[in-house]
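Topology and contacts: notes
For reference, the chains in residue letters:
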Amino acid sequence: MSDPHDLLQAGRFEELAHDEHPLWRGLAFLELRRFAEAARVFEEAEGAQESATMLEFAGAARWLNGERAPAAERWIAALDAGQEGPAGGVKPPALVLYAGLRIPDERYVLRGKRLLGKLWKPKIARVWPGPVAGYLLGHLEEQQFLEDGYEDPDLEARRSASALFWAGVSASDPAVERKHFEASAAIEGASALEVEHHLAKGELT
């Protein structure tokens with residue numbers, strides 16, 4: 001079996017869909033636009049209900065499959081799931097906020113902003129995705145948010161795809177919004193490990 005990172009980078013998603021790890025299989029199905037299958041893989045993985053990452057991707061798969069209420073439920077469940085690092089808790093409330101803006105449902109918007117406000121501290125501003133909280137709350141300028149990057153190309157692909165998505169969500173001009181979503185969706189390789197990359201693609205369809 002080829003290394004899943006290599007298959008992802010090469011865009012060999014049909015092969016990646018046979019990987020033994022559910023995260024890689026689910027990501028392959030997302031890239032292949034087989035959203036219902038992706039959702040099942042993420043949701044049925046061992047320990048999925050305790051994994052914020054799996055719940056975030058399960059929500060994205062449901063969202064892209066047109067199931068917005070179930071998607072929001074997955075993202076709300078992710079609020080109480082296991083996180084990676086001090087800044088890891090930022091993404092679930094940001095996704096709840098996104099769901100609220102798009103459904104639309106003001107309750108989700110308010111909940112997302114309230115939780116992001118509790119999380120926002122200077123120390124998480126230094127660790128991605130911590131800056132997402134500051135940006136969505138209006139504490140970070142867009143240029144700084146988009147340009148503060150990593151030297152490692154894989155980390156930067158992931159950060160940039162995520163940042164561009166949130167810039168698109170926050171844009172008031174439809175043309176600027178689309179430009180940001182297109183830029184996020186166009187980043188290949190490691191960007192597939194960020195839920196926002198897939199949601200950006202969904203915004204363009």
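Structural notes, computed from the coordinates. Sequence order as written defines the numbering, with residues in each chain counted from 1. Side-chain atom pairs in this predicted model are given and counted only at pLDDT of 80 or more, local residue features only at pLDDT of at least 70, and totals for whole chains, interfaces and linings cover all residues. Where side-chain values are given, they derive from all heavy atoms of the structure, hydrogens and water being excluded.

**A word on the nonpolar core**
- If you look at the biggest cluster of nonpolar residues, it comprises 61 residues, and the most contacted ones within it are L30, W75, W166 and L199.
- What counts as a helix is a DSSP run of H or I of at least four residues, what counts as a strand is a run of E of at least two, and both are numbered from the N terminus. Here the element with the most residues in this core is helix 5 (residues 52-64); it accounts for seven residues.
- Residue contacts follow a heavy-atom distance rule, with two residues in contact if any of their heavy atoms lie within 4.5 Å. Those residues within four positions of W75 in sequence are excluded, and the remaining contacts are L55, E56, G59, A60, W63, P92, L95, V96, Y98, A99 and L199. Think of a nonpolar core as a cluster: buried Ala, Val, Leu, Ile, Met, Phe, Trp, Tyr and Cys residues, connected wherever their side-chain atoms sit within 4.5 Å. Here the term buried applies to any residue with accessible area under 20% of the maximum for its type, exposed to any over 50%, and partly exposed to those in between, with areas from a 1.4 Å probe on protein chains only.

**A few points about the side chain of S184**
- Turning to its location among the elements, S184 is positioned in helix 12 (residues 174-186).
- In this structure S184 comes out as buried when scored by relative accessible area, which is 0%.
- Beyond its immediate sequence surroundings of up to four residues, S184 is in contact with A161, L164, F165, E196, H197 and A200.

**Remarks on unusual backbone geometry**
- A cis geometry characterises the amide bond from I103 onward to P104, with omega recorded as -15 degrees.
- The residue after W128, namely P129, is reached through a cis peptide bond having omega 10 degrees.
- Inspection of the secondary structure assignment puts P129 in the loop between helix 8 (106-119) and helix 9 (130-136).
- Positive phi outside glycine occurs at R33, with the angle close to 65 degrees.
- Here R33 is to be found in the loop between helix 3 (22-31) and helix 4 (35-44).

**Re the layout of surface pockets**
- By volume, the largest pocket amounts to about 590 Å³.
- Grid spacing is 1 Å over the protein atoms alone, the probe is 1.4 Å, and a cavity is where that probe fits but cannot get out, while a pocket is an open set with protein on both sides within 12 Å along at least five of seven lines and lining residues have an atom within 4 Å of a point. As for the largest pocket, its lining consists of 25 residues, of which T53, E84, K91, R158 and E194 are closest to the centre.
- No other element matches helix 5, which puts four residues into the lining of the largest pocket.
- Asp, Glu, Lys and Arg are counted as charged, while Ala, Val, Leu, Ile, Met, Phe, Trp, Tyr, Cys and Pro are counted as nonpolar; the rest, among them Gly, fall into the polar class. When the residues that make up the lining of the largest pocket are grouped by side-chain class, the tally is 13 nonpolar, six polar and six charged.
- Put simply, the second largest pocket is a space of about 200 Å³.
- Together, A125, R126, V127, W128, P131, L140, Q144, F145, D148, G149, Y150 and R159 line the second largest pocket.
- When the residues that make up the lining of the second largest pocket are grouped by side-chain class, the tally is seven nonpolar, two polar and three charged. Grid points are joined across faces, edges and corners, and a volume is the space filled by probe spheres set on the points.

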